[in-house]
Amino acid sequence: MKEFIKVNLEVFAQIGPYLIVFAILRHFAKMRKERADKREQEKKRGIINTHYIVKTERILVNAFIIGILFTGGCTIGSIRQKEDLFVIIGFAAVCVICLFGTLNMVMWKIEVNGDTITWRSTFGKKTTFQFEDITLCEFRRASTRVYVNGKKLFTIDDNIDDEQFMEDIKRRKIPVMTPSEIKYRKKYMQKHR
């Protein structure tokens, strides 16, 4: 019986992390769908939100905090056990990466209030501008870049629910392009000068 429990615990230890990640991703998708359904119902009723905040999902922040605690504990444990320097540096590096990722997710946000947009960067610098200042939005593989007066101001990652923001962009007829469209447009403009 002990052998059976030991084998099952070993199997769970191997597939457990995958199950946890799957559960987190499923929860994340469910939350996004619920929000999208709510926005769709608001659209049908003619309700347009003029004040909203675009920021990282709280569940991702919590996952990174758990990553900090786990890798920090592993770093301390490997120092106390006098492990190889490679192990200590590896755990410490992952801990620092999780720390900076958490800082970014907690600090970065976009607040839209009517026509005014306030963007707070990772390091707390606030920039306020209007929708009419946005000259272009560029879709990348895993992000959307927003350009203000021709300069890239910020990037919205793919893990952030930016549907309301992009609806505002489309409603205001701000150009949204892919990198290949931008490249083609630049070549076209150079040829026809």
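Attention in this report is confined to the structure presented alongside it. Just so we're clear, the structure is a prediction, and the values are computed from it rather than from any experiment.

About the criteria used
Residues numbered from 1 in each chain as written. Predicted model: local features only at pLDDT ≥ 70, side-chain atom pairs only at ≥ 80, totals over all residues. Heavy atoms only, no water. Helix = DSSP H or I, 4+ residues; strand = E, 2+ residues; numbered from the N terminus. Expected span 1.5 Å × (residues − 1). Buried < 20%, exposed > 50% of the residue type's maximum accessible area, 1.4 Å probe, protein only. Contact = heavy atoms within 4.5 Å. Patch = residues over 30% accessible without salt bridge, like charges linked within 9 Å, V, L, I, M, F, W, Y side chains within 5 Å. Areas by Shrake-Rupley, 256 points an atom, 1.4 Å probe, with all protein chains shown as cover. Salt bridge = Lys/Arg side-chain N within 4 Å of Asp/Glu carboxyl O. Axes fitted to C-alpha atoms, helices over the stretch in contact; angles between N-to-C directions. Parallel < 35°, antiparallel > 145°, perpendicular 65-115°, else oblique. Left-handed = near helix turned anticlockwise from the far one by under 90°. Nonpolar A, V, L, I, M, F, W, Y, C, P; charged D, E, K, R; others polar. Pairing = 2+ DSSP bridges. Core = buried A, V, L, I, M, F, W, Y, C linked by side-chain atoms within 4.5 Å.

Description of helix α3 (residues 85-107)
Okay, step 1: For α3, which comprises 23 residues, the first-to-last C-alpha distance of 33 Å matches the rise-based estimate of 33 Å (1.5 Å per residue) to within 8%.
Okay, step 2: Burial in α3 covers these residues: Ile88, Cys95, Cys98, Gly101, Thr102 and Met105.
Okay, step 3: Where α3 is buried, its residues contact α2 (58-80).

Points about a nonpolar patch on the surface
Okay, step 1: On the surface, a cluster of nonpolar side chains totalling about 600 Å² of accessible area is made up of Val7, Val11, Phe12, Ile15, Tyr18 and Leu19.
Okay, step 2: Among the structural elements, Val7 can be located in helix α1 (residues 2-44).
Okay, step 3: Note on Val7: relative accessible area 38%, which makes it partly exposed.

Some words on the pattern of salt bridges
Okay, step 1: The tally for this structure, following the rule as stated, stands at 5 salt bridges.
Okay, step 2: With its nearest N and O atoms 3.9 Å apart, the salt bridge here joins Glu111 to Lys109.
Okay, step 3: The class for Glu111 is partly exposed, based on a relative accessible area of 26%.
Okay, step 4: Here Asp168 makes a salt bridge to Arg171, at a shortest N to O gap of 1.9 Å. Residue Asp168 and its partner Arg171 are both found in helix α4 (residues 163-171); the two are separated by 3 residues, about one turn of the helix.
Okay, step 5: Take Arg171: its relative accessible area is 40%, and that puts it in the partly exposed class.

Focus: the packing of α2 against α3
Okay, step 1: Relative orientation of the contacting elements α2 and α3 amounts to 155°, with a least axis distance of 8 Å. When the interaxial angle is binned, α2 and α3 end up roughly antiparallel. As α2 packs across α3, the resulting crossing turns out to be left-handed. Residues Leu60, Val61, Phe64, Ile65, Gly67, Ile68, Thr71, Gly72, Cys74, Thr75, Ser78 and Ile79 of α2 form the contact with α3, whose participating residues are Val87, Ile88, Phe91, Ala92, Val94, Cys95, Cys98, Leu99, Gly101, Thr102, Met105 and Val106.
Okay, step 2: Of the residues belonging to the contact of α2 with α3, the class tally is 17 nonpolar, 7 polar and no charged.

Some details on the pairing of strand β7 (residues 151-157)
Okay, step 1: Sheet topology note: the strand β6 (residues 143-148)/β7 ladder contains 6 bridges and is antiparallel. By the bridge assignment for β7, Thr144 is matched with Ile156.
Okay, step 2: Here β6 folds back onto β7 in antiparallel fashion, the turn holding 2 residues, of which Asn149 has a positive phi close to 55°.

Here we look at the side chain of Thr71
Okay, step 1: Note on placement: Thr71 falls in helix α2.
Okay, step 2: In this structure, Thr71 is in contact with Phe91, Val94 and Cys95, ignoring residues within four places of it in sequence.

Overview of the environment of Phe123
Okay, step 1: Along the polypeptide, Phe123 turns up in the loop between β3 (116-120) and β4 (126-130).
Okay, step 2: Through-space distance from the C-alpha of Phe123 to that of Leu103 is 8.3 Å; in sequence the pair is 20 residues apart.

Observations concerning the nonpolar core
Okay, step 1: One finds Ile110, Ile117, Phe131, Ile134, Phe154, Phe165 and Ile169 to be the most contacted residues of the largest nonpolar core, which totals 20 residues.
Okay, step 2: Of all the secondary structure elements, the ones that give two or more residues to this core are β1 (51-55), β2 (109-113), β3, β5 (134-139), β6, β7 and α4.
Okay, step 3: Of the residues forming this core, the biggest block, 3 residues, is contributed by α4.
Okay, step 4: In this structure Phe154 touches Trp108, Ile110, Trp119, Phe129, Thr144, Arg145, Val146 and Phe165, once residues within four positions along its chain are discounted.
Okay, step 5: Phe28, Ile59, Val61 and Met105 belong to the second-largest nonpolar core, a separate cluster that totals 5 residues.

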